[in-house]
Amino acid sequence: MTSHSATLIDGKAIARGVTETIRQEVEHLVRQGHTVPGLAVVLVGNDPASEVYVKNKALQTHHAGMRSFMHMLPQSTSQDEVLELIADLNKNPQIHGVLVQLPLPEQIDPVTVTNAILPIKDVDGLGEVNAGRLALGMTDGIVPCTPLGCLKLLKSVHEDMTGMNALVIGASILVGRPMAQLLLKENCTVTVAHIHTRDLPSLARQADIIVVATGKSGLVRGDWIKPGATVIDVGITRIMQENGRSRLVGDVNFEEVSKVAGYLTPVPGGVGPMTIAGLLHNTLQAAKLSYRE
Ligand code: NAD
């Protein structure tokens, strides 16, 4: 029996390249006299995973030559207090991008907060205006960071995706829905699966491209995969090992899928670094939009 081995898509290396290109463009714009692009990150509460994410975002923002402004608020912060802060950040000319780290404590409605960010500063691309523009097939504005990063990974192995069958597993506002829009824009035939989908394995077997974002570790099995297909694993779950240490795993059963797929992203080191690269791209994009105003 022959056993195939998927080529791993190195998200870390691709993200480093993207960050370097952004750093050079930032340097060029600043030399021309523009304000240094600035990103404000708002974190409410002390969710340990969110703390790690925002620190990493700040670090990478600096690496790209941009300014980062952190706003760490206590768990008890009211929605009005968050809205007041956003109103200040919207007015601040040093700040081109505003990101509110999700999830938020239960007294704060994420939709209200997201929509309070000026569309031109909405670097997560989750507000009604940017989400609506994407649904209209307009990809020249601000597109959510994770799907943007996944698209870049796909383009690193498929120059042209026209006519390919793409299956997106997971239909969240954050990942699945915008991902489906981006793949449609690439002329793929797109199927969006979710928790109520019937016979997911047979849908998966028809797919040339699978992007999975469910948070269900090991969901996608080897016998679901069309030989040679490209699989992008967005999922991140921390699991405990027998030795008492924890490690991160994705939504793909890596051991099985890596034997059948043509290309596969690892977890960690695949989509994660590209999400941050997408954020840096969006911050630069927001700064460039503001320079035109
Ligand atoms: P979510 O919980 O908002 O949405 C999950 C989606 O998956 C839903 O549409 C649900 O219907 C679907 N789903 C759940 N179980 C399913 C099943 N058994 N079969 C088919 N569909 C199923 O999650 P999200 O915010 O989109 O995040 C998904 C995963 O991606 C999480 O593990 C999250 O940590 C990860 N994530 C990673 C990055 C990154 O940078 N790598 C960024 C965002 C999210």
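Refer to the preceding data block for the structure.
Residues numbered from 1 in each chain as written. Predicted model: local features only at pLDDT ≥ 70, side-chain atom pairs only at ≥ 80, totals over all residues. Heavy atoms only, no water.

Engineer: Go over the nonpolar core, please, and point to the residues and values.
Structural biologist: Residues Ile22, Leu154, Met161, Leu183, Ile209, Val211 and Ile232 are the most contacted members of the largest nonpolar core, which totals 37 residues. The set of elements that each furnish at least two residues to this core consists of α1 (11–31), α6 (145–155), β5 (165–169), α7 (176–185), β7 (209–212) and α10 (271–292). Here this core gets seven residues from one element, more than from any other, and that element is α10. Among all residues touching isoleucine 232, those that are not within four sequence positions of it are Ile9, Cys150, Leu153, Leu154, Ile210, Val211, Val212, Thr265 and Val271. Ranked by size, the runner-up nonpolar core spans 18 residues in total, among them Ala204, Ile210, Ile225 and Val257. (Core = buried A, V, L, I, M, F, W, Y, C linked by side-chain atoms within 4.5 Å. Buried < 20%, exposed > 50% of the residue type's maximum accessible area, 1.4 Å probe, protein only. Helix = DSSP H or I, 4+ residues; strand = E, 2+ residues; numbered from the N terminus. Contact = heavy atoms within 4.5 Å.)

Engineer: Help me get a handle on the sheet that holds strand β2 (residues 38–44), residues and values and all.
Structural biologist: Strand order across the open sheet formed by three strands is β3-β2-β4, with parallel pairing between neighbours. Every interior strand has two partners, whereas the edge strands, β3 (67–73) and β4 (97–100), have only one. For this sheet, the mean angle separating the axes of adjacent strands, direction not counted, is 15°. Bridge count for β2 against β4 is four bridges, and the pairing is parallel. The residue of β4 that forms the bridge with leucine 39 is glycine 97. (Pairing = 2+ DSSP bridges. Axes fitted to C-alpha atoms, helices over the stretch in contact; angles between N-to-C directions.)

Engineer: Describe the site of the ligand, and please don't skip the residues or the numbers.
Structural biologist: Close to the ligand lie 21 residues, the nearest being Ala171, Ser172, Ile195, Ile236 and Thr275. Measuring from a nitrogen atom of the ligand, one finds a backbone N or O atom of valine 234 at 3.3 Å. Isoleucine 236 is positioned with one of its backbone polar atoms (N or O) 3.0 Å from an oxygen atom of the ligand. If the ligand stood free it would expose 860 Å²; the protein chains cover 73% of that surface. (Near = heavy atom within 4 Å. Polar contact = N/O pair within 3.5 Å; in protein donor to acceptor, adjacent residues only side chain to side chain. Areas by Shrake-Rupley, 256 points an atom, 1.4 Å probe, with all protein chains shown as cover.)

Engineer: Describe a negative patch on the surface, and please don't skip the residues or the numbers.
Structural biologist: Taken together, the side chains of Asp80, Glu81, Glu84 and Asp88 make up a negatively charged region of the molecular surface. Within the element layout of this structure, glutamate 84 appears in helix α3 (residues 79–91). By relative accessible area, which is 56% here, glutamate 84 ends up exposed. (Patch = residues over 30% accessible without salt bridge, like charges linked within 9 Å, V, L, I, M, F, W, Y side chains within 5 Å. Salt bridge = Lys/Arg side-chain N within 4 Å of Asp/Glu carboxyl O. Lys, Arg positive; Asp, Glu negative; His and termini not counted. Charge placed at Lys NZ, Arg CZ, Asp CG, Glu CD.)

Engineer: Pulling in residues and values, what's your account of the environment of leucine 134?
Structural biologist: Examined against the element boundaries, leucine 134 turns out to sit in helix α5 (residues 128–135). For the pair leucine 134 and threonine 191, spaced 57 residues apart in the sequence, the C-alpha separation amounts to 17 Å.

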